[in-house]
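Analysis of the macromolecular model
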Amino acid sequence: MIETIQNFVRGTDAAVARAYLAMFRERNGVLAFLFHSLFRDENEISRNMIDPLERTTVAKFAELISYYLEHGFRFIGPDELLTDLDPSRKYVAITFDDGYFNNTLALPILEQFGVPATFFIATDNILQNKCYWWDVLYRERLAQGAHPRQIYHDALAMKSMRTEQIESELKTKFGEQAFQPRGDIDRPFTPTELREFSSNNWVHLGNHTANHAILTNYNLDEVSRQVQGAQDSLRDMTGKTPISIAYPNGANNPEIVQACRDIGLKVGFTVRPAKNVIPMDQKSSDRMRLHRFCPRGDGTIVTQCRTYRSDFLLYGMLRGGYLRLVRGLVAQ
């Protein structure tokens, strides 16, 4: 039922966007995009080694970049988000969350088009060479015969817990070996690979906490340890200290934002789907709560790209209400 409503709303947004852009000039701003894994093709997705999430193939990723370049957008990294962006121009920020080794598939595309991207790293997975908990849940429950929709709801329920609690529960159900990577699709970077990856001119690294902590499930001292721990580990592994953070699951509040600022972070990303308006207020938290769209690889990329440019998106407004009323969360 929910999926049917979501598809209806997205279809409505696409139709409105087509008409809107035909009649009006879009408001300039920053469109930020969130990806997780990259797949070579649909066959790789069908192996079910990980939760496919957005089902993004390399071809779909390249198509999105090509679209925005053709429509006059300029791609920027986190450092440029700290500058006074020209309000007469349109911008795109590409981001990846978690630290999957398969993100290396993005590198030839970034180099081909000459665009930067920021990769937000959950450092404990890299240091411990362990799979991400949602992939363990997806793979093991699928093997038990569970429907993907049920697995999705299982994951939602777990997001009210701390990562260490989630992992402990999954190890009890499926065994310690369930967190051992099975190949290049489901594994994180190694420290050596991450250091080499981060040396590329088109790659920026960002903080995604030490163990992908949904920070609203932790007290402020623990929040600081999670964020500072990732900062320290990334510096030790790569020699670079990030200036940006992507809050896992988008979860944040004013206290968490301030804790991140106190550690030295200057740019923060949520998962709220909306355009980031420029100019940004230097004195506000605008740069610490940037919005991101999450393109779906199972949909038409050109249609989605056009829709994100619209200044009226029903999906974003309804999503906030859904989080508040159904899941008891503030829009993130």
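What you see is a predicted model; the values in this text were computed from it and never measured. (Residues numbered from 1 in each chain as written. Predicted model: local features only at pLDDT ≥ 70, side-chain atom pairs only at ≥ 80, totals over all residues. Heavy atoms only, no water.)

1. Some details on unusual backbone geometry
Operational definition: The helix count covers DSSP runs of H or I at least four residues long, the strand count covers runs of E at least two residues long, and both are numbered beginning at the N terminus. Between buried and exposed lies partly exposed: a residue is buried under 20% and exposed over 50% of the maximum accessible area for its type, with that area taken using a 1.4 Å probe on protein chains only.
Residue Pro 279 follows Ile 278 across a cis peptide bond; omega there is 0°. Tracing the backbone shows Pro 279 in the loop between β8 (276–277) and α12 (301–309). In this model, Asn 48 sits at a positive phi of 60°, which is unusual for a non-glycine residue. The phi angle at Leu 53 is positive, at roughly 50°, despite the residue not being glycine. Structurally, the position occupied by Leu 53 is in the loop between α2 (42–45) and α3 (58–70). Residue Leu 53 is classed as partly exposed on the basis of its relative accessible area, which comes to 38%.

2. Notes on the packing of aromatic side chains
Stated precisely, the cut-off is as follows: Ring pairs shown here join Phe, Tyr and Trp side chains whose ring centres sit within 6.5 Å, with only the six-membered ring taken for Trp; geometry is labelled stacked below 30 degrees between planes, edge-to-face above 60, and tilted in between. Lysine NZ or arginine CZ positioned within 6 Å of the ring centre and within 35 degrees of the ring normal marks a charge as sitting over the ring.
In this structure the tally under the stated criterion is 17 aromatic pairs. Aromatic ring contacts, followed pair by pair, group Phe 35, Phe 61, Phe 96, Phe 101, Phe 119, Phe 189 and Phe 197 into a single cluster. The ring centre of Tyr 218 lies 5.3 Å from the NZ or CZ of Arg 162, which sits over that ring.

3. Concerning helix α9 (residues 191–198)
Put simply, the test is: Directions are taken from the helix axis to each C-beta atom, and the arc is the one they span. By definition in these notes, contact holds between two residues if any of their heavy atoms fall within 4.5 Å.
Taken residue by residue, α9 has Leu 194, Phe 197 and Ser 198 as its buried positions. The buried side chains of α9 occupy one side of the element, clustering within an arc of 90° when seen end-on. Those residues of α9 that are buried lie in contact with α4 (107–113), β4 (117–121), α5 (123–128), β5 (203–207) and α10 (220–238).

4. Observations regarding the environment of Pro 181
Of note, Pro 181 is situated in the loop between α8 (163–174) and α9. The class for Pro 181 is partly exposed, based on a relative accessible area of 24%. Note: C-alpha distance between Pro 181 and Leu 314 (133 residues apart in sequence) is 39 Å. In this view, Pro 181 contacts Asn 129, Lys 130, Cys 131, Asp 186, Arg 187 and Pro 188; residues no more than four positions away in its chain are not counted.

5. Considerations on the pattern of salt bridges
This is how it is decided: Between Lys or Arg on one side and Asp or Glu on the other, a salt bridge is scored when a side-chain nitrogen of the former is within 4 Å of a carboxyl oxygen of the latter.
All chains considered together, the criterion is met by 18 salt bridges. The closest approach of N and O atoms between Arg 162 and Glu 222, which form a salt bridge, is 2.6 Å. Linking Arg 162 in the loop between α7 (148–158) and α8 with Glu 222 in helix α10, this pair joins segments that are 60 residues apart in sequence. Glu 193 is paired through a salt bridge with Arg 187; the nearest N and O atoms lie 2.8 Å apart. Given the relative accessible area of 14%, Arg 187 is considered buried.

6. Overview of the environment of His 36
You can see His 36 is positioned in the loop between β1 (29–35) and α2. For the pair His 36 and Asp 98, spaced 62 residues apart in sequence, the C-alpha to C-alpha distance is 6.7 Å. With near-sequence residues (within four places) excluded, His 36 lies in contact with Leu 53, Glu 54, Phe 96, Asp 97, Asp 98, Tyr 100, Asn 102 and Asn 103.

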